[in-house]
Amino acid sequence: MAKVFSPTTPIWCPGCGDFGVLASLKKSLAELQIKSKDSVIVGGIGCSGSIHNNLECYGIHSLHGRLLPTAIGVKLANPKLTVIAAGGDGDGYAIGAGHFIHTLKKNPSIVYLVMQNGTYGLTKGQPSPTASPGYEGTVEAPFDAVLTALSIQSTTFIARGFSGNQTQLTNLLKKAIIHANSNKGFAFLEVLSPCVTYNDTYKEWREQVYDLDADKSFDPTNRARSFARVSELNSTGWIPTGLIYTGVVNSLETNTFNNDLPIVFQDLSIDANAPRYEELLKDFR
Ligand code: SF4
């Protein structure tokens, strides 16, 4: 018997940037006509990590910092699914930082949506890896996930949106989903998503965002120039948004499957696999 779960109402504070991300995600999935039964959202831990509860789709609430390996497992089991990992910067760039780096290296065809707000909102406002110096006593430089992603040669899609710019964010999300669903690899989309309760950056981010999509001189297909442009904008106080880099590298599934079928399409019955088990056991006898 199948049990049906209806989407719940978000439990976020009024005005939280995550509402904008949820609205864009709903719109993108609807406009791309992706059916609920074909989409899986893997949520992280933190305020943003509950986003899958608010959508009509399959959802997994992953362990803290472990949403990427979970999402990769789902994709490798059934590459026909639209798989979106969605969490916060504390979850992804602190406890999950190792998985983030290695997912950038592996290039699986999933979307990674990071709602970045410079704070741990769920635990009442401690500074996260992207916190600006001065916030709650922070003296460290903020972690820049976009420059990190650009520095890894196997990345194929890097973008940044702002929950205060719905049109751009929906365009970027649709591009990210199309990239992943075309088996082109990992689509990393960071979203500036202010925490209005503990670190309300709406006003300053509105003044700081620099839309690279609107800059006709910018070429997102040249990694070295993208790195230089993002670094230059950062050093002059801007926060670059838009499609920052797109390139071509074999995806994880392309490198993994060869002639093997994904697990979901294999006959996993004991009868079908008994000869293979017997063959394996010979090595231990
Ligand atoms: Fe959003 Fe911050 Fe409230 Fe969490 S604490 S729901 S991040 S506004």
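Anything mentioned here points back to the structure above.
The following paragraphs examine the structure supplied in this document. (Residues numbered from 1 in each chain as written. Predicted model: local features only at pLDDT ≥ 70, side-chain atom pairs only at ≥ 80, totals over all residues. Heavy atoms only, no water.)

1. As for the site of the ligand
What counts is decided by this rule: For each residue, the test is whether any non-hydrogen atom lies within 4 Å of the molecule or strand; if one does, the residue is near. Classification used: nonpolar for Ala, Val, Leu, Ile, Met, Phe, Trp, Tyr, Cys and Pro, charged for Asp, Glu, Lys and Arg, polar for all others including Gly.
As a structural note, the neighbourhood of the ligand is formed by Trp12, Cys13, Cys16, Cys47, Asn117, Gly121, Cys195, Val196, Thr197 and Tyr198. Class assignment of the residues belonging to the shell around the ligand gives a composition of seven nonpolar, three polar and no charged.

2. Focus on the nonpolar core
Cut-off, in case you're wondering: Put simply, buried Ala, Val, Leu, Ile, Met, Phe, Trp, Tyr and Cys residues joined by side-chain atoms within 4.5 Å make one nonpolar core. Think of it in three bands: residues with accessible area under 20% of the maximum for their type are buried, residues over 50% are exposed, and the middle band is partly exposed, with areas taken using a 1.4 Å probe on protein chains only. The secondary structure listing takes helices from DSSP runs of H or I that are at least 4 residues long and strands from runs of E that are at least 2 residues long, numbered from the N terminus. Contacts were defined at the residue level, with two residues in contact if any of their heavy atoms lie within 4.5 Å.
Counting residues in hydrophobic clusters, the biggest one holds 32 residues, and the most contacted among them are Phe100, Tyr112, Leu150, Ile158 and Phe188. Counting residues per element, the ones that place at least two in this core are strand E1 (39-43), helix H2 (67-77), strand E3 (82-88), helix H4 (97-106), strand E4 (111-116), helix H5 (145-150), helix H8 (223-235) and strand E10 (239-246). Among residues more than four places away in sequence, those in contact with Ile158 are Val146, Ala149, Leu150, Phe188, Gly242, Leu243, Ile244 and Tyr245. In terms of nonpolar packing, the next biggest core, distinct from the first, is built from 28 residues, Leu25, Ile41, Leu55 and Ala159 among them.

3. Quick notes on the packing of aromatic side chains
By convention here, two paired aromatic rings are described through the distance between centres and the angle between planes. Selection rule: Geometry of aromatic contacts follows a simple scheme: Phe, Tyr and Trp rings, the Trp one being its six-membered ring, pair when their centres are within 6.5 Å, and the pair is stacked under 30 degrees between planes, edge-to-face over 60, tilted otherwise.
Per the stated rule, a full pass over the model turns up nine aromatic pairs. Considering the side-chain rings of Tyr93 and Phe100, the 5.4 Å spacing of their centres and the 40 degrees angle between planes classify their relative orientation as tilted. Relative to Phe188, the ring of Tyr112 has its centre 6.1 Å away and its plane inclined at 35 degrees; by these criteria the two rings are tilted. You can see Tyr112 sitting in strand E4 and its partner Phe188 sitting in strand E8 (residues 187-192), a full 76 residues away along the chain. Phe188 matches Tyr112 in its accessibility class, with the two residues each being buried. The rings of Tyr93, Phe100, Tyr112, Phe143, Phe186 and Phe188 are connected pair by pair, giving a single aromatic cluster.

4. Here's the deal with the environment of Asn255
Structurally, Asn255 is set in helix H9 (residues 252-257). A relative accessible area of 48% means that Asn255 is categorised as partly exposed.

5. Remarks on the layout of surface pockets
Keep this limit in mind: Using protein atoms alone on a 1 Å grid, points that fit a 1.4 Å probe yet trap it form a cavity, whereas open point sets bounded by protein on both sides within 12 Å along at least five of seven lines form a pocket; residues with an atom within 4 Å of a point count as lining. Grid points are joined across faces, edges and corners, and a volume is the space filled by probe spheres set on the points.
Taken as a whole, the largest pocket spans an internal volume of roughly 490 Å³. If you trace the largest pocket, you find 25 residues lining it, with Thr130, Ser132, Pro142, Trp205 and Ile239 closest to the centre. Where the lining of the largest pocket is concerned, the elements lending two or more residues are E8, helix H7 (202-208) and E10. Among the elements that make up the lining of the largest pocket, the one with the highest residue count is H7 (three residues). Across the lining of the largest pocket, the residue classes break down as eleven nonpolar, ten polar and four charged.

6. What to know about the packing of H2 against H4
Helix-helix packing is characterised by the crossing angle of the two axes and by the distance between the axes. Under the convention used in this document: Every angle, taken between N-to-C directions, lies between 0 and 180 degrees, and every axis is a line fitted to C-alpha atoms, over only the stretch in contact when it is a helix.
Viewed as axis vectors pointing N to C, H2 and H4 meet at an angle of 35 degrees, and their least axial separation amounts to 9 Å. Here H2 contributes Leu68, Pro69 and Ile72 to the contact with H4, which in turn contributes His99, Phe100, Thr103 and Lys106. Residues of the contact of H2 with H4, tallied by class, amount to four nonpolar, two polar and one charged.

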